[in-house]
Structure formats: structure tokens, C-alpha cells
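Letter by letter, the chains look like this.
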Amino acid sequence: AKAAGRGKHCFFEPSMHSEASDRQRLETDLRFALEQNELSLHFQPIVRAASEDLCGFEALIRWDHPTRGRVSPDLFISVAEECGLIGKLGDYVIEEAIRQAAEWPDHVRVAINLSPIQFNDPKLVEKVATLLQTHEVRADRIELEITEGVFLADNEATDDTFARLKNIGVRLALDDFGTGYSSLGYLKTAPFDKIKIDQSFVRGASHPKSRNSAIIRAIVALADSLGMDTTAEGVETHDDLNLIRELGCSQIQGYIFGKPSPAEDCADMIERDSVL
Ligand code: C2E
Ligand code: CA
Ligand code: CA
Ligand code: CA
């Protein structure tokens, strides 16, 4: 079959090849980046919708490559997942985020993104518990953001991990809700504290012709009746902010309140919040 297809393949092979080698180079660079401290965390504020008080920050990884410049996590996280580097990268994120939480006041939460692959790491719960102890961080200050992707591997191990995470007392958020695996069945049992409403529903929701407000309203009603908080992500404009408030989301995250920034800059925000 290979020989028969060879003539045809010639046409698009060069671009396929360069795409594969691009990824290969990215992988090599990422491996190096993990050793060379090219990775860091930025933190984006999450505020209460009603009062605009600070709830905490979402930790977002940043990679500053010496020649590529800043590489988007949307690109390199998937590479890390494919080439087996996500474990190491994820461990870095968890440790760095918990270490940072320890430096901030007790009322400030820190949310950490977890790849489904990390979620399936049998050592995950133990790692988190150990770091909380080492850095003396109260478990309920840490919120793990998990996507619907974890339910693709629907098995007892998933349930068990949820139970053990709840048991150590960390909070759980369902990230990018409504954009992935399209089943609601898992909401029957998975012990989420919060649903994060994806930006694709939030941005431009205030436009009169947008159907997004109907979707957001339904998500908020669902979360309310399940006893979960909601965070609207990607709020950029006052019109969207006003609408999101009217629709009853409990928390807001978006450029309107702050872009992801280095931990030093967050200290000011924490300071300002506590004097208000
Ligand atoms: P996410 O978890 O949905 O994170 C929110 C993304 O939306 C972030 O992009 C954030 O900078 C961006 N954002 C927040 N508010 C606004 C807004 O008002 N307007 C716009 N245009 N964008 C906004 P970022 O930092 O580029 O991260 C992209 C994705 O990469 C994340 O999406 C998450 O899936 C992944 N990611 C980032 N850091 C980590 C990490 O430490 N671990 C893992 N596993 N994934 C991560
Ligand atoms: Ca997230
Ligand atoms: Ca999200
Ligand atoms: Ca996203």
C-alpha cells in the first residue's frame, strides 16, 4: 500500500514533513526549556461578580523561548501531552503554584490547570497533599481545573481520584464547560465546586443577536441547582460584564479585571483589594 500510494503522497508530503519536524523541534526545545527555567507562571485575577472582591488567581504557564519568543500554551501543552513531557511540566506548575499560594494571604485562592493525563497519574493526589503540607497551604485555597476530557477515560480510577482529591480538601472546577465531551452524565457524580463557562460563550454575549446569553443562563441555572459556583471566562467589555452579572454568574475572569501577569504584579492587586 505504501509503494502504491507513493506517487500520490509526493504532492503533499513536503508540508506534512515540515509540520512533523516543526513539532519535533518544539518537543526538543520544550525538553530543554524544562531544564533551563524558560517556563514560568503568570496569574490572572478572578473576582466576585457582585462585589468585585478578589477571589484568587488562575495560574497560567508561560514559555519564553530565547529565539521563538513567547510560545502559546495552547500549542506547547498539546505537544507536551503527546510526547510524554506533560508529567514533568505539570509537576512544575503544581509545585510553583502552591509555593506561590503560600506567599499570598489566606483568602486568596490559586487555580491550577490539570491535563487529563496528569489527572490519571496515580501519584497526583499524593503529590498535591505533600506540597500542601510542605508549603503549609490550606487545601481549600487550591482549585484544580479539570476539563471534560478526563471523562473520556470513564472508569473507576477517575471516580477514585475525584474522591481522594475531595478527601484532601482541594476545590475542583470544571474548565471549558460545554466545549468538549458532550455528555452531562458525569455531573451526577463528579464533585465539582465550580463550572467555568468557556470564553466562546462569554465573548460578545451582550450582542442582541447572540444566543450565548441563553446558553449562559442555562449553565448558571444548572450550576446553581447543583450547588456549584460559576466563573465566566474571557470578559473583556462592560456590556458583556453587565450581562454576565445579570445572568447571575458568581465570579468573573477576563481582561476587564486583569490580564495574566507575573506574581510580583499580583501583590499590588491583593494589596489594593484588601484596603477597599
Ligand atoms: P484556559 O485554561 O481556558 O485559560 C484561560 C485562557 O484564556 C488563558 O490563555 C487566558 O490568558 C485567556 N484569557 C483570560 N481572559 C481573557 C480575556 O478576557 N480575553 C482573551 N482574549 N483571553 C483571555 P492562555 O494563558 O494562553 O492559556 C491557554 C490554554 O492553555 C489554557 O486555557 C489552558 O487550557 C492551557 N494552559 C495554560 N496554562 C496551563 C498549565 O499550567 N497547565 C495546563 N495543563 N494547561 C495550561
Ligand atoms: Ca483553566
Ligand atoms: Ca477555560
Ligand atoms: Ca481554553
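Values in this document were obtained by computation on a predicted structure and should not be read as measured data.

### A closer look at the site of ligand 1
- By nearness alone, 22 residues border ligand 1, and Gln44, Arg62, Gln199, Glu236 and Tyr255 come closest of all.
- Note that a nitrogen atom of ligand 1 is positioned 3.0 Å from one of the side-chain N or O atoms of Gln44.
- Surface burial for ligand 1 is 85%, taken as the share of its 800 Å² of free accessible area covered by protein chains.
- Its atoms largely coinciding with the cavity grid, ligand 1 occupies the largest pocket.
- Elements that contribute at least two residues to the shell around ligand 1 include exactly β2 (54–65), α2 (73–83) and β6 (171–177).
- Looking at the shell around ligand 1 residue by residue, the class counts come to eight nonpolar, six polar and eight charged.

### Re the nonpolar core
- Counting 77 residues, the largest nonpolar core has Leu89, Ile142 and Phe192 as its most contacted members.
- Of the residues forming this core, the biggest block, seven residues, is contributed by helix α3 (residues 86–103).
- Setting aside chain neighbours within four positions, we find Ile142 in contact with Ile98, Ala101, Val110, Ile112, Leu132, Val137, Val170 and Arg171.

### Brief notes about a negative patch on the surface
- A cluster of like negative charges, contributed by Glu264, Asp265, Asp268 and Glu271, occupies part of the molecular surface.
- Judged by relative accessible area, Asp268 falls into the partly exposed class, the value being 48%.

### Things to note about the side chain of His42
- If you trace the backbone, His42 turns up in strand β1 (residues 39–48).
- Here His42 is in contact with Glu58, Ala59, Leu60, Arg62, Arg70, Pro260, Ser261 and Pro262, once residues within four sequence places are set aside.

### Quick look at α3
- For α3, spanning 18 residues, the distance from its first C-alpha to its last is 26 Å, which sits close to the expected 26 Å at 1.5 Å a residue.
- Within the span of α3, buried status applies to Ile86, Leu89, Gly90, Val93, Ile94, Ala97, Ile98, Gln100 and Ala101. One side of α3 carries all its buried residues, which in axial view fall inside an arc of 160°.

### Quick notes on the pairing of strand β7 (residues 194–197)
- With burial as the criterion, each face of β7 is covered, one bearing Lys194 and Lys196 and the other bearing Ile195 and Ile197.
- Sheet topology places β6 next to β7; three bridges connect them, and they run parallel. Across the sheet, residue Leu174 finds its bridge partner in β7, namely Ile195.
- By the bridge criterion, four bridges tie β7 to strand β8 (residues 229–233) in an arrangement that is parallel. Residue pairing for β8: Lys194 is matched across the bridge by Asp229.

### Looking at the coordination of the calcium ion (ligand 2)
- Here the calcium ion (ligand 2) is held by the protein donor atoms Glu58 (OE), Asn113 (OD1), Glu145 (OE) and Asp175 (OD), which lie 2.1 to 2.3 Å from it.
- Within one chain, the residues donating to the calcium ion (ligand 2) are spaced in sequence as E-x54-N-x31-E-x29-D.
- Separating the calcium ion (ligand 2) from the calcium ion (ligand 3) is a gap of 3.8 Å, bridged by Asp175, which donates to each. Here Asp175 lies in strand β6 and Asn113 lies in strand β4 (residues 109–113), a separation of 62 residues in the sequence.
- Its relative accessible area of 5% is what places Asp175 among the buried residues.

### Describing the layout of surface pockets
- Volume-wise, the largest pocket comes out at about 990 Å³.
- In terms of lining residues, the largest pocket is bounded by 39 residues, among which Glu58, Leu60, Asp74, Asn113 and Asp175 are the most central.
- Looking at the lining of the largest pocket, the elements that each hand over two or more residues are β2, α2, α3, α4 (116–119), β5 (142–147) and β6.
- Residue classes in the lining of the largest pocket are distributed as twelve nonpolar, 15 polar and twelve charged.

Conventions used here
Residues numbered from 1 in each chain as written. Chains lettered and ligands numbered in written order. Predicted model: local features only at pLDDT ≥ 70, side-chain atom pairs only at ≥ 80, totals over all residues. Heavy atoms only, no water. Near = heavy atom within 4 Å. Polar contact = N/O pair within 3.5 Å; in protein donor to acceptor, adjacent residues only side chain to side chain. Areas by Shrake-Rupley, 256 points an atom, 1.4 Å probe, with all protein chains shown as cover. 1 Å grid on protein atoms, 1.4 Å probe; cavity = no way out; pocket = protein on both sides within 12 Å on 5 of 7 lines; lining within 4 Å. Sits in = over half its atoms within 2 Å of the grid points. Helix = DSSP H or I, 4+ residues; strand = E, 2+ residues; numbered from the N terminus. Nonpolar A, V, L, I, M, F, W, Y, C, P; charged D, E, K, R; others polar. Core = buried A, V, L, I, M, F, W, Y, C linked by side-chain atoms within 4.5 Å. Buried < 20%, exposed > 50% of the residue type's maximum accessible area, 1.4 Å probe, protein only. Contact = heavy atoms within 4.5 Å. Patch = residues over 30% accessible without salt bridge, like charges linked within 9 Å, V, L, I, M, F, W, Y side chains within 5 Å. Salt bridge = Lys/Arg side-chain N within 4 Å of Asp/Glu carboxyl O. Lys, Arg positive; Asp, Glu negative; His and termini not counted. Charge placed at Lys NZ, Arg CZ, Asp CG, Glu CD. Expected span 1.5 Å × (residues − 1). Arc of directions from axis to C-beta. Pairing = 2+ DSSP bridges. Donors = N, O, S within 2.8 Å, 3.2 Å for Na, K, Ca; no water. Points joined across faces, edges and corners; volume = space filled by probe spheres on them.

What is shown is where atoms sit, not what they do.
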